[in-house]
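If you want the building blocks of each chain, they are given just below.
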Protein chains: 2
Amino acid sequence: MMIRRWRRSGDFLRSACKSLTSLRQKHNSMSPSVSGFVNRYESKGKTFESNAWNDHNRELDHHSCVGGNLWMMQQYKSFGSSSSSASKLQRNPLFSSLEPRDVSFFNEILGGEKYVVQDEERLETANTDWMHKYKGSSKLMLLPKTTEEVSQILKYCDSRSLAVVPQGGNTGLVGGSVPVFDEVIINVGLMNKVLSFDEVSGVLVCEAGCILENLATFLDPKGFVMPLDLGAKGSCHIGGNVSTNAGGLRLIRYGSLHGTVLGLEAVTANGNVLDMLGTLRKDNTGYDLKHLFIGSEGSLGIVTKVSILTQPKMSSVNLAFIACKDFLSCQKLLVEAKRNLGEILSAFEFLDNNSMDLVLNHLDGVRNPVSSSENFYILIETTGSGETYDREKLEAFLLKSLEQGLVSDGVIAQDINQASSFWRIREGITEALQKAGAFYKYDLSLPVEEIYNIVNDLRGRLGDLANVMGYGHLGDGLIEPYVYEWTSKHRGSISAEHGLGVMKANEIFYSKSPETVALMVSIKKLLDPKGILNPYKVLPHSFFSP
Amino acid sequence: MMIRRWRRSGDFLRSACKSLTSLRQKHNSMSPSVSGFVNRYESKGKTFESNAWNDHNRELDHHSCVGGNLWMMQQYKSFGSSSSSASKLQRNPLFSSLEPRDVSFFNEILGGEKYVVQDEERLETANTDWMHKYKGSSKLMLLPKTTEEVSQILKYCDSRSLAVVPQGGNTGLVGGSVPVFDEVIINVGLMNKVLSFDEVSGVLVCEAGCILENLATFLDPKGFVMPLDLGAKGSCHIGGNVSTNAGGLRLIRYGSLHGTVLGLEAVTANGNVLDMLGTLRKDNTGYDLKHLFIGSEGSLGIVTKVSILTQPKMSSVNLAFIACKDFLSCQKLLVEAKRNLGEILSAFEFLDNNSMDLVLNHLDGVRNPVSSSENFYILIETTGSGETYDREKLEAFLLKSLEQGLVSDGVIAQDINQASSFWRIREGITEALQKAGAFYKYDLSLPVEEIYNIVNDLRGRLGDLANVMGYGHLGDGLIEPYVYEWTSKHRGSISAEHGLGVMKANEIFYSKSPETVALMVSIKKLLDPKGILNPYKVLPHSFFSP
């Protein structure tokens, strides 16, 4: 039956598959709650639930799930772990407080009140992360239009010891882009111009505030794609992607931003503009400092321009939705897919049945593509230049996997709508989680063979208290931010009280040696002696408290 | 006729192409003159020509050629530009000189004289780069066996203000791995163990002294390949590859080491061991410090262990040797190849007719694969998992290019020997240059459309004085170390007197802004306050002289 289904699907795929990618980009791109700064600003009447910042309810309640870029563990309903972490924090008394003269100065250099936001509603939005888990109390958001303005802002803030938080689309998962206390918000959303694109090399140079999806739309008619793709693409900024070293759906194919970002411009705390905008794919003169700014969450400088290697758009995209009985089969399927699909494998995403149920229950119009319910589901996407060949290859691989018992059922998308509905399931998990209530989310990276053990461990530990889910990019092999090495070394210490993934700054020793952290701190102090850039984050607070 | 030749070749390719890659790895891997430390040590009787260090002959003489990883300009016969640069340098008087008590100490910690080399012949070899262009006067080479020994050595040298030069296979092109004056040589060639290999993820962890080809040999039966491949693979060390951010032949397919190196262990000047050996493909905790050590040529620390993402070996390799009338056609062919061969394109190398003549004249048994002499030659390699499909795709692409007039002649390798002989031409250029005499070499990176202009400019300027050649990895798009922006901005200043690519430390401002260089200097001083690690290199000397 399964074979027939694949064959049947294949009949229709030939004409449909060309536009799967672009379709996927349009669909699923933005739920209202994931809207970035510009969008938020337009919907300023919006109010947020406040129970997510409840300080007191620290007990596990209802649900918790594991999934995310690779893993996220989430717990529904008023689990205020962010503020419980924040509540332990003291505002650094060395930082100044905002004064009227500061606002006057910013008005002057930015050219008017339009760019110096004090409106309460807009500040409420900018103070809050999109998951409603973190909330600051900034009284000021600045909207620079140029690198020079960013430089002037930082130079002034540094001289006045005013702490700042850089903000892009504010779609991050760990509270990196909202203030902890009263930091001045510097939102680069108005710096959204494409500066150049080279159709021979595929090198795109743009300002940091460009929305990822807008860049994709710009590239599409030229026959290129961005080397990264995220669920939040409709809101997230390329500068934020770089600052958080976003991985996303294309990592398996195009690698990390450390490889695809060719250059950056960044402004350090003292207002120095670092021009590292080389567009050459290889440039070994001196130290490659741009990597310091990739993934350092704005704590070393504000990224203002990005030069990135885009990829030729491939004409043939195929997508299969597959059911597997157990996690071992998922792993084996990954190894086989790497071997057999090799150069055309472009995504390998997995979710468990709890994640599937969540999506089915909370999103409209979603149905399980395979008829029978199964423990695990896998999405396999191939992208290549040979339509007929690619599809035949995928079909042959799936039939072989079926014969070997790795796969228990599966469908290849037969048209654009079907492909879109497959992606809707995977990309809709976060939205469904949000609809289901407050949640607690981990974003972990583990060796493939260890991945599902933690889900099972947590289920055992939490029992009926929580609903633990697993989903993510299995194809990246070993992937994704926030490696809590307790998974192997401190297995016994798994506990929601750790606040992992929420205010992770103090958890860095789980994944980095003391010598390495000490060097990070030295570099932070070298680039930002007063510590005004995105304080209380990334590195342990103890190094910076007076 | 050309069509026939391709078709005819195709008949034989099916059975042959499987082992092209492994064959290429065996062949061409090491000419005696490219031998690394271990090999050199065994051939200790070897003597070097000394005219390469002639200080006085600064006029252009005989030949000069352009080519290299992307570009090198080389001049034959006794052009002592290295020492002419070096001669301006003063030994930093803050460094101590070696004393007998130092040697005793090293004997003690390293476990005997076997690891503390004072033998003149062996020092002669270790003091000299393989191109015979740089020569130091070190009196001591240390051969640590463990990270702990490297740590003890550096801690001691730092406390004694003894300058050191880290050395791997000593196959570098810019004199980075030999002493300038009397720096103590720390050669990691004995640290050559594979520590782990994960067949699911493809992650290899090994010591820095592993020879690249040995790693390839280790991986081959497991079905994996290294993500980089170099002409010097028989000698170069993975630690040296990382420290110089080596590009090589597979960059177009697998990207740079900033993407494929997952982790490092490095020892800083004070002996601190930085464990950044995460094997996770994504890890965003804190700053990704390993990138500081990739490409910094041992000036921030000595790389002691490497974790690297290897790639599944593809079963189908095809190789075409193509002739083009002009450079514009080469460029267009590259764009078309990226579009049409997409995911299977694994190499796109070019050479001009001067390079071809050089190889034909100086290497035995080499012949031009295409019957007629042409201005430019291109090697196109495809690597994929579908034998029949890949070859048909390559053939179709070449026929189309022939019809469009982009290509004037071409052959697809019909068996292993033919493929090997094609690579022999491209990979033999450096060896042929060496046989032809002393030379002057640039290793440049330029936007593709600018690439050949510099060759033509130089020919015009040098006339009969020099033979200018061009060759390199065109497929990388915009590539390769040492971006001298004079190419666009200071075109009038092209001159051999600049010493570009030789002692490039003072030329960094051609490609980096003053603010960026200042930050590099700050980071160097942070990690190595006394400046003992690989002094006089990478960054301008003026920042470090007392």
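Residues numbered from 1 in each chain as written. Chains lettered and ligands numbered in written order. Predicted model: local features only at pLDDT ≥ 70, side-chain atom pairs only at ≥ 80, totals over all residues. Heavy atoms only, no water.

Keep this limit in mind: UniProt positions are given in the numbering used here, feature names are shortened, and annotations may be inferred rather than shown by experiment.
Within an unreviewed UniProt entry, the label attached to chain A reads D-2-hydroxyglutarate dehydrogenase, and the organism entered is Brassica napus. The UniProt entry for chain A carries the following text under Cofactor (unreviewed entry): "FAD".

**Some thoughts on the overall build of chain A**
Note the cut-off: A run of H or I in DSSP counts as a helix once it spans at least four residues, and a run of E counts as a strand once it spans at least two, with each numbered from the N terminus. Only protein chains enter the accessibility calculation, which uses a 1.4 Å probe. A residue is then buried if its area is under 20% of the maximum for its type, exposed if over 50%, and partly exposed in between. Note on contacts: a residue pair is in contact if any heavy atoms of the two residues lie within 4.5 Å. We get accessible surface area from the Shrake-Rupley algorithm with a probe of 1.4 Å; when it comes to residues, only the shown protein chains can shield them.
Looking only at helices and strands, chain A features 19 helices and 18 strands. Within chain A, the proportion of its 546 residues that are buried is 68%. In chain A, 77% of the contacts between residues at least 6 apart in sequence involve partners at least 24 apart. Carbon and sulfur atoms make up 50% of the accessible area of chain A, which totals about 18200 Å².

**Things to note about unusual backbone geometry**
At Asn-245 of chain A, a residue that is not glycine, the phi angle is positive and equals roughly 50 degrees. Note that Asn-245 of chain A resides in the loop between α9 (238-243) and α10 (251-254). Backbone geometry at Ser-161 of chain B places phi at a positive 55 degrees, although glycine is not the residue there. You can see Ser-161 of chain B is positioned in the loop between α7 (147-160) and β5 (164-167).

**Comments concerning the domain arrangement of chain A**
Residues and elements named next belong to chain A. In plain terms, the rule: As annotated, the domain borders come from an automatic or database domain assignment. Put simply, a salt bridge is a Lys or Arg side-chain nitrogen that is within 4 Å of an Asp or Glu carboxyl oxygen. As used in this structure description, the phrase polar contact means that two N or O atoms lie within 3.5 Å; if the pair is within protein, one of them must be able to donate a hydrogen and the other to accept it, and residues adjacent in sequence are counted only when both atoms belong to side chains.
Partitioning chain A into domains gives domain 1 (100-187), domain 2 (194-312), domain 3 (316-436) and domain 4 (440-511). Centre-to-centre, using C-alpha coordinates, domain 1 lies 22 Å away from domain 2. Facing the 15 residues of domain 1 at the interface are 17 residues of domain 2. Along the contact surface separating domain 1 from domain 2 lie zero salt bridges. In this assembly, domain 1 and domain 2 are joined by three residue pairs in polar contact (both at pLDDT 80 or more).

**A short note on the nonpolar core**
Keep this limit in mind: As used in this record, nonpolar core signifies buried Ala, Val, Leu, Ile, Met, Phe, Trp, Tyr and Cys residues forming a set joined through side-chain atoms within 4.5 Å.
By size, the foremost hydrophobic cluster in this structure holds 154 residues, and its most contacted members are Ile-238 and Phe-293 of chain A together with Ile-238 and Phe-293 of chain B. For Ile-238 of chain A, the residues in contact, after removing those within four places along its chain, are Cys-206, Glu-207, Ala-208, Cys-210, Leu-212, Leu-215, Met-226, Leu-228, Val-306 and Ile-308 of chain A.

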